[in-house]
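What follows is the residue order along each chain.
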Amino acid sequence: MNSDDISFAPFEIKDCALIAIATGQRAQNLRELSTILNSISTDSIYYHFWGGLLRPRFDDPEFHNDFAGWVAHALHDKVLAERLAVIDPVDFEDLDALRQELIEVLEERQDELDYPIWAPSGNQFEFIRSQTVVFSTNHTVNQPMEFVEIIPQMSVGTIFFHFIDAKRRNPNSIDDFQNWLLNFGEEYEKLRQGINEIDAYFSTLVNLRNELAKLFEKFFRKAKA
Amino acid sequence: MNEINGNLLDKYAAVTGQDVIEHLRQLAQPLNGLRVVHVNSTRIGGGVAEILHKMVPLMQELGIQTSWEVITGEQVFYQCTKGFHNAMQGNHVNIPESQLRAYEETNAKTAETLRPVLEEADVVFIHDPQPAALIRHFPERKGKWVWRCHIDVSKPFRPVWKYLRNFVSGYDASIFSLSSFAQQLPHSVYLIAPSIDPLHDKNVDLEKSEIREVYNRFNIRPREPMILQVSRYDRFKDPIGVIQAYKLAKKFVPTLQLVLAGGGASDDPEGEAVLNEVRLAAEDDPDVHILLLPSDAHRTINALQRVSDIVLQKSVREGFGLTVTEAMWKNKPVIGGDTGGIRIQVINHHTGFLVNTPEGAALRIRYLLHNSDKLAEMGDKAKEFVRQNFLITRHLREYLTLIYALLYNSTDRILLD
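Residues numbered from 1 in each chain as written. Chains lettered and ligands numbered in written order. Predicted model: local features only at pLDDT ≥ 70, side-chain atom pairs only at ≥ 80, totals over all residues. Heavy atoms only, no water.

Colleague: Whenever I open this one, the interface of chain A and chain B confuses me. Can you help?
Modeller: By a widely used convention, the size of an interface equals the accessible area lost when the partners come together. On the side of chain B, 36 residues touch chain A, which itself brings 39 residues to the contact. Summed over both sides, the interface between chain A and chain B buries roughly 3,100 Å², with carbon and sulfur atoms accounting for 52% of that surface. Where chain A touches chain B, the interface holds two salt bridges. Along the contact surface separating chain A from chain B lie 14 residue pairs in polar contact (both at pLDDT 80 or more). Listed by contribution, the elements that provide at least two residues to the side of chain A that touches chain B are β1 (11-27), β2 (125-141) and α7 (156-169) of chain A. Broken down by element, the residue count for the side of chain A that touches chain B peaks at 13 residues, all from β2(A). Its residues assigned to classes, the side of chain A that touches chain B shows 15 nonpolar, twelve polar and twelve charged. Sheet topology note: the β1(A)/strand β6 (residues 188-191) of chain B ladder contains three bridges and is antiparallel. Of the residues in β6(B), the one forming a bridge with Ala22(A) is Val189(B). (Contact = heavy atoms within 4.5 Å. Buried area = accessible area lost by both parts, 1.4 Å probe. Salt bridge = Lys/Arg side-chain N within 4 Å of Asp/Glu carboxyl O. Polar contact = N/O pair within 3.5 Å; in protein donor to acceptor, adjacent residues only side chain to side chain. Helix = DSSP H or I, 4+ residues; strand = E, 2+ residues; numbered from the N terminus. Nonpolar A, V, L, I, M, F, W, Y, C, P; charged D, E, K, R; others polar. Pairing = 2+ DSSP bridges.)

So, in structure tokens, the structure goes:
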């Protein structure tokens, strides 16, 4: 296929903003945490794994999901914190499977402990969910090469929407960049592979943007040569 | 107001980066022409008025027809709302029936005065308890009403909260500053952290001469290390613990100076007592400077934060702790109490240290003063963390997002075309 002559829709660059909502559900020990996890909406699980990327949080957190962070800082159970921290949401088919894994790890730890550990008052785990507003930036991309210039200028909201959120939204569970490149057939196979290898979970949105920008830049520099 | 502040967004772009402002413009575009009204109880003084002084013109500049109204009343109304404020922070306050009547009557009168503007509004933000009862007088309202609570209500005095909840329950949504403050209500409870205004006198860059002037004014030696805590003289802020930490650290850093900067306490018997305890604990140490500054000494506080090496906020109970945010904005690592909103700002070993005792604070003071590279690195990280998360532009973005959430009855995702 000649990529100069595209017959499919251009890549519409969107942006998003997120707002947090209290669910009113609070846990003070592991038993309460697993009980609430059993019934809390998947939106809340999503928020506690991925929402940190778009809300006030330090860019270099010790733990990449809120459950591990709370267990370490409020319950001071480093063993469980490490087990929770290593859970990578990308490994799971959907959020319900991720929920089951969390409950499994929590229950295993409760079996090991002789007595329940309580978080101090005022330091409970607060279950939060979020609402996301997706809006147009009024920019479109017609040719993959245009991304070389555009990606470094993308907002972190745009990176979140097209890279993180897309995996949950798209039926094939891959990001919007790869999905759009699929339209061009084999021509950008290597570029797609590179995008696919980016480990989004242990990164920040700024780092993700840099990684994507580098990949596109390198690919098209080579293609030119 | 729009004309006066025609380039307000550009001024913020110089601080936050153009991408942040562009993001706001795109987000606000579909809201062009929307009518938004903010109602609070004062235009002068206090954190809410400070935020609204910038939030309102910023929203206007984004094309949203935004106005700001104020509820005013007789002295008994303010006595009542001061009681509400204290009770919501956990003090056991019995509010007499006569004050509650004055509160409801003042809201009823204000409702009539503001009826045209509030009935026409698409979105109404009611700030804090003072105007909360207005909603009772608009049973046929067309717009969405949201109650914004700026107070630490993690442990409210229940009888007073029960009274106020009768009004708050009628809103379409409410906003609290931290998840630990959020109360159970029959509508969506949003979480929006407070913010600082980088262009306010408290935070704006100062000329070197203005910064240096505080050395002379307060007899601070410029070349010797100095630590600072800015807060009113209140036991929850633990000023005695700060002096203990200073004394422990001074054994190892003999030239260390401490500045405690707080407001006057003449109308507050508890504050007066704490101030006396602080003076006693300082034992006439000439290197401990206990300052009583007027409430509008913003530039002085700003300069003090800039000349200090480390800022402390050793609170044992804290709301959000905007003094922490302000210090971090001036590239200062903060040694803070492990409580409230300090926890989400002070990231151990990155933007400062969380401590639980004077001993812990003293250890961290010594560590930072002996590791100047680390001190500078943490200060830079602290400023960047505030830039990304706690400036008024982020606050504005969340208000815009909330407006969409109110206008669209969607659960988790709102797609704008």
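Following the structure, the description resumes.
Colleague: Help me understand the pairing of strand β5 (residues 173-176) of chain B, please; the structure alone is not making it clear to me.
Modeller: All names here are of chain B. Alternating residues of β5 divide into Ala173 and Ile175 and Ser174 and Phe176, and every residue in both groups is buried. Relative to β5, strand β4 (residues 144-148) runs parallel, the two sharing three bridges. Bridge pairing links Arg148 to Ile175 in β5. In this region the chain leaves β4, passes through helix α6 (residues 158-168) and returns to the parallel neighbour β5; the handedness of that crossover is right-handed. One ladder, built from four bridges, connects β5 with β6; its direction is parallel. Bridged to Phe176 within β6 is Leu191. (Buried < 20%, exposed > 50% of the residue type's maximum accessible area, 1.4 Å probe, protein only. Right-handed = clockwise from strand over helix to strand, strands pointing away.)

Colleague: Would you mind showing me how to read the environment of Gln79(B) here?
Modeller: Residues and elements named next belong to chain B. Here Gln79 shows up in helix α4 (residues 75-88). Take Gln79: its relative accessible area is 40%, and that puts it in the partly exposed class. Taking the C-alpha atoms as reference points, Gln79 and Leu100, 21 residues apart in sequence, are found 9.8 Å from one another.

Colleague: Looking at this structure, I do not really get the sheet that holds strand β2 (residues 65-70) of chain B. What am I missing?
Modeller: Within a sheet, adjacent strands bond to each other through the backbone by hydrogen bonds, running parallel or antiparallel. Strand order in the open sheet formed by nine strands is β2(B)-β1(B)-β3(B)-β4(B)-β5(B)-β6(B)-β1(A)-β2(A)-β13(B), with mixed pairing between adjacent strands. Where the open sheet ends on each side, the last strands, each with one partner, are β2 and β13 (413-415) of chain B. Put simply, the sheet's adjacent strands are angled 25° from each other on average, direction ignored. As defined by bridge partners, β1(A) adjoins β2(A) across 14 bridges and the pair is classed as antiparallel. Considered in β2(A), the bridge of Arg26(A) is made with Glu126(A). (Axes fitted to C-alpha atoms, helices over the stretch in contact; angles between N-to-C directions.)

Colleague: How do you make sense of the confidence of the model for chain B when you look at a structure like this?
Modeller: Detail in the predicted coordinates should be disregarded across regions flagged by low pLDDT. Residue and element names in this part refer to chain B. A residue-level look at chain B finds 97% of positions with pLDDT of 70 or above and a mean pLDDT of 93. In the model, residues 1-5 has pLDDT below 50 throughout and makes six contacts with residues more than four positions away in sequence or in other chains. Interface confidence for the predicted complex, given as ipTM, is 0.87, next to a pTM of 0.90. (pLDDT = per-residue confidence, 0-100.)

Colleague: Help me understand the packing of aromatic side chains in this model?
Modeller: Centre distance and the angle of the planes are the two values used to describe a pair of aromatic rings. The tally for this structure, following the rule as stated, stands at 35 aromatic pairs over all chains. Each ring, one from Phe147(A) and one from Trp180(A), has its centre 5.9 Å from the other, and the planes form 90°; the classification is edge-to-face. In this pair, Phe147(A) sits in helix α6 (residues 147-150) while Trp180(A) sits in helix α8 (residues 176-181), placing the two residues 33 residues apart along the sequence. These aromatic residues form a ring-pair network of at least three members: Phe8(A), Phe11(A), Phe147(A), Phe177(A), Trp180(A), Phe184(A), Tyr188(A), Phe216(A), Phe219(A) and Phe220(A). The ring of Phe161(A) carries Arg169(A) above its face, with NZ or CZ at 3.9 Å from the centroid. Over the ring of Phe252(B) we find Arg366(B), and its NZ or CZ is 3.4 Å from the ring centre. (Phe/Tyr/Trp six-rings, centres within 6.5 Å; stacked < 30°, edge-to-face > 60°. Lys NZ or Arg CZ within 6 Å of the ring centre and 35° of its normal.)

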